[in-house]
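Descriptive structure summary
In case you want the letters, here they are:
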Amino acid sequence: METVVESLRIVLFVSMLGIAGICDVKSREIPDVIWLIFGGIGAALYIWDYDDGMTSYHVIAIFTSVFVGIMLWRWKIAGSADAFAILAMAVILPVHYEFVMMPIMILVTAFLLVVILVILYNVSLNISDIIRSRKMNVFFEFSEPKHKKVFAFLTIHKKRKYEKFVIPAENFISITPGIKSFVFLSSRNKIKRNSQLESNEMHVQNVPPLISYMFGVALFLLLPEILSILFS
């Protein structure tokens, strides 16, 4: 029974992240009902494997994951959907491979991947702009200190037409016409569709769909188990 329930948990875990990841990529909005349905089924499975499947380490993993999810949401590092995803993962599969806290492992790995890829993406676009414009200072219109411009080189770029969802990363300084200041990722700027932005010359930030990366990491970590389930 324990093996069957564990297999069900893995299927629920990956299916939930896959469905949520598709919604995240398409519209950047994930219905809360996804977390409620999959998390509820995951919680119900404890009726069958409570004695064997729930240890003190599982309880610690659940509470740790829930705490991390809530703190990321409170500190505005992650959105509410990301926090709900962590909570649901903590209920469905808090521990696997004996000691791995799956929600924490997946979150940390996905977040690192996002940071690395975003930096590479911004640097490549900014270098492209330098080559094309033949100006070494890609942020000449910003009245900002050098350290902020270095950080901006890693985190923002001029909007491209093909970008679907981006966040405005600039603001005009009211006392100096034509001069801008950086507005880095914060609660003041919201994800907008390409058509909602003011100008093709606007500097923006990409906010990749974190849950899609979490799905990819989960698929990679659980691939042996998934293959075993499919071909057993």
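For clarity, every value in this text was computed on a predicted model and none was experimentally measured. (Residues numbered from 1 in each chain as written. Predicted model: local features only at pLDDT ≥ 70, side-chain atom pairs only at ≥ 80, totals over all residues. Heavy atoms only, no water.)

Concerning a nonpolar patch on the surface
Nonpolar side chains collect at one region of the surface, where Trp75, Ile77, Phe111, Val115, Ile119 and Leu154 lie side by side and expose about 530 Å² of accessible area between them. Of the residues forming the nonpolar patch, the biggest block, three residues, is contributed by helix α6 (residues 102-133). Looking at where phenylalanine 111 falls in the secondary structure, it is placed in helix α6. For phenylalanine 111, a relative accessible area of 39% corresponds to the partly exposed category. (Patch = residues over 30% accessible without salt bridge, like charges linked within 9 Å, V, L, I, M, F, W, Y side chains within 5 Å. Areas by Shrake-Rupley, 256 points an atom, 1.4 Å probe, with all protein chains shown as cover. Salt bridge = Lys/Arg side-chain N within 4 Å of Asp/Glu carboxyl O. Helix = DSSP H or I, 4+ residues; strand = E, 2+ residues; numbered from the N terminus. Buried < 20%, exposed > 50% of the residue type's maximum accessible area, 1.4 Å probe, protein only.)

Some remarks on the environment of serine 80
Here serine 80 shows up in helix α5 (residues 80-92). For the pair serine 80 and isoleucine 70, spaced 10 residues apart in sequence, the C-alpha separation works out to 8.8 Å.

Section: the pattern of salt bridges
For the coordinates displayed, the defined rule picks out five salt bridges. Notably, a salt bridge pairs aspartate 24 with arginine 28, separated by 3.2 Å at the nearest N-O pair. Between aspartate 129 and arginine 160 there is a salt bridge; the shortest N-O distance is 2.8 Å. Of the two residues, aspartate 129 sits in helix α6 while arginine 160 sits in the loop between β3 (157-158) and β4 (165-168), which places them 31 residues apart along the sequence. Accessibility classification places aspartate 129 together with arginine 160 in one group, the buried group. In this structure, a network of salt bridges that share partners links the residues Asp129, Arg132 and Arg160.

Side note on the packing of helix α4 (residues 56-74) against α5
Here α4 crosses α5 at 180 degrees, and the two axes come no closer than 8 Å. Regarding the angle of α4 to α5, the classification is roughly antiparallel. Within the contact between the two elements, α4 uses Ile62, Ser65, Val66, Gly69, Leu72 and Trp73 and α5 uses Ser80, Ala83, Ile86, Leu87 and Ala90. For the contact of α4 with α5, the per-class residue count stands at eight nonpolar, three polar and no charged. (Axes fitted to C-alpha atoms, helices over the stretch in contact; angles between N-to-C directions. Parallel < 35°, antiparallel > 145°, perpendicular 65-115°, else oblique. Contact = heavy atoms within 4.5 Å. Nonpolar A, V, L, I, M, F, W, Y, C, P; charged D, E, K, R; others polar.)

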